[in-house]
Amino acid sequence: MTFSRIFLLVPVLLAGLAFAVWQQYLDLPPRWNPWAPLDFHEPPNLLTSFKLRRLAQDRQLCEQVLASAPLRYANVPDSTPEPGCPVENSVRVEGSVVRFNGPFLATCPLAAAYALFERHGLQPAAQAVFRQPVVRIDHFGSFACRNIARSNRRSQHASANALDLAGFRLQDGTRITVARDWQGSDDKARFLREVRDAACDVFNVTLGPEYNVAHRDHFHVDMGGFGICR
Ligand SMILES: [Zn+2]
């Protein structure tokens, strides 16, 4: 068989494999089954972004998945808080293992991605660098009915699909902020770089101080775009 024929077979085999998994002829472990619900105990893998995207379309699946998330949240009916900025399939996140400076509105995929990030990215980074957990997060908010700065495209904040993370407090009271501690070579700077990289593993878009001056004091994370990590 020529190389090109073998090459043609690959998509056919992949489609067959996907069909077999979908029809449950083939029993994969849930973390490698694209149609199994997201499990917050499992670290992110290649299928995580697919599983998170599915939540955007399916409120019922979203409710099922978030019920198992380590989050305190309240369901929020679909609404249009400000003209031109409808908020759909969203919850109000009130707390988790950490406290927040205030509750925030989040689309289901954003809330689920946040829960994964906290457990598998943020807390391991804090343990690795400081040998203690983060107990509080200060954010600059999620919902804002506006366009991206200096553009006429709607920001992901306009649909509560983005969150701005500004600071972290450790169990012993140590405070770490993106504004003050990003530039440096100490443990705080090292921790912030690990947090940024961990955010990139889960959120579709992660933008920090290296992106532009508008992000000098926070990490913007959102579930709108495709694989931007800067
Ligand atoms: Zn932002």
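This is a predicted model, so every value here is computed, not measured.

**Student:** I tried to follow the pairing of strand 2 (residues 79–82) on my own but got confused; where do I start?
**Tutor:** Note: strand 2 against strand 3 (residues 85–87), two bridges, orientation antiparallel. When the bridges of strand 3 are listed, Glu 82 appears paired with Cys 85. As consecutive antiparallel partners, strand 2 and strand 3 are separated by two residues, and within that stretch Gly 84 has a phi angle of approximately 85°, a positive value.

**Student:** Just to check I follow, could you spell out empty space enclosed by the protein for this structure?
**Tutor:** Where empty space is left becomes clear once a probe the size of a water molecule has been rolled over the atoms. Scanning the model with the defined rule gives four cavities of 30 Å³ or more in all. Computed from the structure, the largest cavity encloses a volume of approximately 90 Å³. Among the residues making up the lining of the largest cavity, the classes are represented as seven nonpolar, two polar and four charged.

**Student:** I tried to follow the coordination of the zinc ion on my own but got confused; where do I start?
**Tutor:** For a metal with four donors in a tetrahedral arrangement, the ideal angle between donors is 109.5 degrees, while six donors in an octahedron ideally sit at 90 or 180 degrees. Only His 157 (NE2), Asp 164 (OD) and His 220 (ND1) from the protein reach the zinc ion as donors, at distances of 2.0 Å. Look at where the donors of the zinc ion fall in the sequence and you get H-x6-D-x55-H. Looking at His 157, the relative accessible area reads 2%, which means it is buried.

**Student:** I would appreciate a short explanation of the nonpolar core in the present structure.
**Tutor:** Among soluble globular proteins, nonpolar side chains are generally buried collectively. Counting residues in hydrophobic clusters, the biggest one holds 49 residues, and the most contacted among them are Phe 117, Phe 168, Phe 191 and Phe 203. Top contributing element to this core by residue count: helix 4 (residues 108–130), with 14 residues. Not counting the four nearest positions on each side in its chain, Phe 203 is found in contact with Leu 110, Ala 113, Tyr 114, Phe 117, Val 221, Asp 222 and Met 223.

**Student:** What is the right way to look at the environment of Pro 37 in this model?
**Tutor:** Mapped onto the elements, Pro 37 comes out in the loop between helix 1 (3–22) and helix 2 (48–57). Residue classification places Pro 37 among the partly exposed residues on the basis of a relative accessible area of 36%. Distance from Pro 37 to Val 65, taken between C-alpha atoms, is 6.5 Å for residues 28 residues apart in sequence. Setting aside its immediate chain neighbours within four residues, Pro 37 contacts Lys 51, Leu 61, Gln 64 and Val 65.

The rules we used
- Residues numbered from 1 in each chain as written.
- Predicted model: local features only at pLDDT ≥ 70, side-chain atom pairs only at ≥ 80, totals over all residues.
- Heavy atoms only, no water.
- Pairing = 2+ DSSP bridges.
- Helix = DSSP H or I, 4+ residues; strand = E, 2+ residues; numbered from the N terminus.
- 1 Å grid on protein atoms, 1.4 Å probe; cavity = no way out; pocket = protein on both sides within 12 Å on 5 of 7 lines; lining within 4 Å.
- Points joined across faces, edges and corners; volume = space filled by probe spheres on them.
- Nonpolar A, V, L, I, M, F, W, Y, C, P; charged D, E, K, R; others polar.
- Donors = N, O, S within 2.8 Å, 3.2 Å for Na, K, Ca; no water.
- Buried < 20%, exposed > 50% of the residue type's maximum accessible area, 1.4 Å probe, protein only.
- Core = buried A, V, L, I, M, F, W, Y, C linked by side-chain atoms within 4.5 Å.
- Contact = heavy atoms within 4.5 Å.

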